[in-house]
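An overview of the molecular structure
Listed below, chain by chain, are the residues.
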Amino acid sequence: MAYLELQGINKIYPNGFHAVHHFNLEIEKGEFVVFVGPSGCGKSTTLRMIAGLEDISSGEFRINGVRANEKSPREREVAMVFQSYALYPQMTVFDNIAFGLTLQGVDEDVIEQRVQKVAGILGLTDYLDRLPRALSGGQRQRVAIGRAIIRKVGVFLMDEPLSNLDAKQRVTMRSEIAQIHKETGATTIYVTHDQTEAMTLADRIVVMKDGYIQQIGTPYELYYKPVNVFVAGFIGEPPMNFLRGKVADGCVDFGENKLDLRRVMPNIGEWEGKEIVLGYRPEAIKLREAEAPDAYRIDCQVELTEMLGDYTNVYVTAGESRAILKVDSHDTPPTDCALCYYIPTESVYLFDAETEKVIAGRSLEDEPAKDHSKAQSELKA
Ligand code: ATP
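Every value quoted in this text rests on a predicted model; they were computed, and no experiment measured them.

1. Regarding the overall build of the protein chain
- Counting its secondary structure elements, the protein chain contains 10 helices and 20 strands.
- Each of the three principal axes of the protein chain carries a C-alpha extent, and together these read 75 × 50 × 45 Å.
- In the protein chain, which comprises 381 residues, the share counted as buried stands at 49%.
- Across the protein chain, contacts joining residues at least 24 apart in sequence account for 65% of those joining residues at least 6 apart.
- Of the roughly 18900 Å² of accessible surface on the protein chain, 48% is carried by carbon and sulfur atoms.
- Here the protein chain contributes 42 positive and 56 negative side-chain charges, whose respective centroids are spaced 4 Å apart.

Put into structure tokens, the structure is as follows:
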């Protein structure tokens with residue numbers, strides 16, 4: 001039995017809008033799960049149903065095996081951190097952090113001790129006498145997190161907690177949240193539309209679109225084994241490149257480039273006459289034939305380059321299709337020149353253009369996705 005169980009959860013708002021469809025998920029104690037997806041896909045609605053701030057229209061939500069649909073937020077023992085921080089402006093940092101404990105009538109000495117401990121974890125010790133308006137955005141967000149973690153609840157729910165911070169603060173707070181999770185070991189559900197936050201923080205990611213779960217998996221699984229075009233395009237930066245075409249004699253013509261798909265899908269004959277989508281990641285391509293002995297050669301035109309330090313994004317066109325290539329910045333080509341590049345066949349994914357489901361590529365390989373944490377412990381050994 002998992003710690004949190006969501007079974008067939010639906011949310012239909014009073015105006016009839018069906019925001020979440022048949023949501024199934026089990027979360028183990030201590031897990032860090034991230035809900036990710038574009039705006040309006042139902043992430044916050046699902047989180048708010050878990051928090052008890054929104055009614056569950058149908059389905060069952062269980063905590064520790066016990067039905068919790070009808071329980072109040074307090075009974076569920078969850079703490080939520082909001083995007084807007086929701087601090088009390090007239091209270092000091094100390095009082096904001098202590099607020100939940102003060103309400104519960106906890107002994108003053110215990111409160112003092114716990115606030116000092118939490119402030120220490122969050123680097124707020126020197127700010128306890130300040131009012132929120134005298135803090136930076138990142139410090140305010142830390143106070144909001146402090147107020148949540150001081151309560152020692154079973155589950156932390158975080159709804160886009162970093163979205164009001166600038167890019168640099170977001171990176172810092174992201175690693176602090178990871179550190180806090182390591183220290184507290186608390187079960188955490190975190191909502192974001194930022195795939196980098198999802199990939200860096202999560203044990204498991206739930207990718208959502210239009211109220212439906214698209215895929216649940218580790219960051220590794222979502223990157224290497226996407227189940228459909230949406231997940232393949234959502235995870236990865238820059239996003240996966242896609243080419244669309246009709247299969248004829250086992251091949252597909254993409255502009256000037258004719259690709260023999262039998263090399264990646266022996267049973268491509270079954271798709272004869274049908275539209276398929278071929279996907280490959282910008283970072284998978286090679287610029288030299290010798291680096292990719294089994295590869296498709298693509299001839300293209302360089303439109304634009306963006307040098308970003310150790311790598312360059314190269315925007316190219318090949319006939320009607322466009323692609324982004326991620327290359328070592330030492331290999332940055334001049335703009336407006338002709339270029340050829342190589343897509344290793346092992347890094348090609350094929351999708352059914354109609355259902356958008358994957359039909360060939362690493363996603364369908366039997367071996368379970370490699371767990372990079374295992375690789376890390378092997379390296380240590
Ligand atoms: P964002 O990243 O923009 O916060 P989200 O994925 O968290 O988006 P939700 O806030 O869960 O999305 O909203 C899901 C859908 O439900 C949206 O289409 C939204 O317009 C709709 N919705 C949210 N609240 C209500 C409501 N009270 N009544 C009707 N529809 C609602």
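Picking up after the structure, the text goes on.
2. Overview of the sheet that holds strand β9 (residues 204-209)
- Within the open sheet, the 6 strands sit side by side as β6-β7-β8-β3-β9-β10. Their pairing is mixed. Each having just a single partner strand, β6 (78-81) and β10 (212-217) make up the two edges of the open sheet. The sheet shows a mean angle of 15° between the axes of neighbouring strands, direction not considered.
- Judged from the 5 bridges that link them, strand β3 (residues 32-36) and strand β8 (residues 187-192) form a sheet pairing that is parallel. Bridge pairing links Val-36 to Thr-192 in β8.
- Strands β6 and β7 (155-159) of the sheet are contacted by helix α5 (residues 137-149), whose axis makes an angle of about 175° with β6.

3. Describing unusual backbone geometry
- For the bond from Glu-237 to Pro-238, the omega torsion is -5°, close enough to zero to count as cis.
- Turning to its location among the elements, Pro-238 is positioned in the loop between α9 (229-234) and β11 (241-246).
- Residue His-22 is not a glycine yet carries a positive backbone phi of 40°.
- Along the chain, the position of His-22 falls in strand β2 (residues 18-27).
- Judged by relative accessible area, His-22 falls into the exposed class, the value being 54%.

4. Things to note about the nonpolar core
- Ranked by size, the top nonpolar core spans 47 residues in total, and within it Ile-97, Val-115, Ile-145, Ile-177 and Tyr-190 carry the most contacts.
- Leave out the neighbours within four places in its chain, and Tyr-190 touches Phe-32, Val-33, Val-34, Phe-35, Met-158, Pro-161, Leu-162, Ile-177, Glu-197 and Leu-201.
- If you look at the next biggest cluster of nonpolar residues, it comprises 32 residues, including Tyr-280, Ala-323, Tyr-341 and Ile-359.

5. Focus on the domain arrangement of the protein chain
- In terms of domain boundaries, the protein chain breaks down into domain 1 (4-229) and domain 2 (240-362).
- Inter-centroid distance (C-alpha atoms) of domain 1 to domain 2 is 39 Å.
- The interface of domain 1 with domain 2 comprises 9 residues on the first partner and 9 residues on the second.
- Three residues stand out in domain 1 for area buried against domain 2, namely Tyr-223, Tyr-224 and Val-229, and they jointly supply 60% of the buried area on that side.

6. Quick look at the sheet that holds strand β18 (residues 338-344)
- One open sheet holds the 4 strands; their spatial order is β17-β16-β15-β18, and the pairing between them is antiparallel. The strands lining the two open edges of the sheet, one partner per strand, are β17 (321-328) and β18. Sheet twist, expressed as the mean angle between neighbouring strand axes with direction ignored, is 50°.
- Taken together, the 8 bridges between strand β16 (residues 311-318) and β17 define a ladder with antiparallel strand orientation. Residue Tyr-315 lies in a different strand from β17, and its bridge partner there is Ile-324.

7. Quick look at the site of the ligand
- The full set close to the ligand counts 13 residues, and Ser-39, Gly-40, Lys-43, Ser-44 and Thr-45 are the nearest of them.
- Residue Cys-41 places a main-chain N or O atom 3.0 Å away from an oxygen atom belonging to the ligand.
- Here an oxygen atom of the ligand sits 2.8 Å away from a polar atom, N or O, in the side chain of Ser-44.
- The fraction of the free accessible surface of the ligand (640 Å²) that becomes covered by protein chains is 62%.
- The element contributing the most residues to the shell around the ligand is helix α1 (residues 43-51), with 3 residues.

8. Digging into the side chain of Glu-31
- Turning to its location among the elements, Glu-31 is positioned in the loop between β2 and β3.
- If we ignore the near neighbours within four places in the chain, the residues touching Glu-31 are Glu-26, His-181, Ala-186, Thr-187, Thr-188, Asp-203 and Arg-204.

9. A closer look at the environment of Thr-335
- Mapped onto the elements, Thr-335 comes out in the loop between β17 and β18.
- Residue class for Thr-335 comes out partly exposed when judged on its relative accessible area of 41%.

10. What to know about the environment of Asn-313
- Examined against the element boundaries, Asn-313 turns out to sit in strand β16.
- We classify Asn-313 as buried; its relative accessible area is 7%.
- Counting along the chain gives 237 residues from Asn-313 to Arg-76, while the straight-line C-alpha distance between them is 47 Å.

11. Re the pattern of salt bridges
- Per the counting criterion, the structure on display carries 14 salt bridges.
- Note that Arg-204 is salt-bridged to Glu-31, the shortest N-O span being 2.6 Å. Of this pair, Arg-204 sits in strand β9 while Glu-31 sits in the loop between β2 and β3, and the two are 173 residues apart along the sequence.
- Between Glu-275 and Arg-244 there is a salt bridge, with the nearest N and O atoms lying 3.4 Å from each other. Linking Glu-275 in strand β14 (residues 275-280) with Arg-244 in strand β11, this pair joins segments that are 31 residues apart in sequence.
- The exposure class assigned to Glu-275 is partly exposed, which follows from its relative accessible area of 35%.
- The exposed category is assigned to Arg-244, whose relative accessible area is 51%.
- One network of salt bridges, in which partners are shared, links Glu-5, Glu-60, Arg-62, Arg-67 and Glu-70.

Cut-offs used in this document
Think of each chain on its own: its residues are numbered from 1, step by step along the sequence as written. Only residues with pLDDT of 70 or above have their local features reported here, since the model is predicted, and side-chain atom pairs are shown and tallied only from 80 upward, although totals for entire chains, interfaces and linings are computed over all residues. Note that water and hydrogens are dropped before the side-chain values are worked out from all heavy atoms of the structure. Helical segments are the DSSP runs of H or I of at least four residues, strand segments are the runs of E of at least two, and each set is numbered from the N terminus. Accessibility here uses a 1.4 Å probe with only protein chains present; expressed as a share of the type maximum, an area under 20% marks a residue as buried, one over 50% as exposed, and anything in between as partly exposed. Note on contacts: a residue pair qualifies if any of its non-hydrogen atoms lie within 4.5 Å across the two residues. Computed with the Shrake-Rupley method and a 1.4 Å probe, the accessible areas treat only the protein chains shown as cover for residues. Positive charges come from Lys and Arg alone, negative charges from Asp and Glu alone, with His and the N- and C-terminal ends not counted. To locate a charge, the coordinates of NZ of Lys, CZ of Arg, CG of Asp or CD of Glu are taken. Pairing between two strands requires that DSSP report at least two bridges joining them. Here an angle of 0 to 180 degrees is reported between the N-to-C directions of two axes, which are lines fitted to C-alpha atoms, with helices fitted over the stretch in contact. Throughout this description, the term nonpolar core refers to a set of buried Ala, Val, Leu, Ile, Met, Phe, Trp, Tyr and Cys residues connected via side-chain atoms within 4.5 Å. The source of the domain bounds is an automatic or database domain assignment. What counts as buried area is the accessible surface, traced by a 1.4 Å probe, that two parts surrender upon association, with contributions from both included. What makes a residue near a molecule or strand is one non-hydrogen atom of that residue sitting within 4 Å of it. Here a polar contact is taken to be a pair of N or O atoms separated by no more than 3.5 Å, where protein atoms must pair a possible hydrogen donor with a possible acceptor and residues adjacent in sequence count only if both atoms sit in side chains. The salt bridge criterion pairs a side-chain nitrogen of Lys or Arg with a carboxyl oxygen of Asp or Glu, the two atoms within 4 Å.

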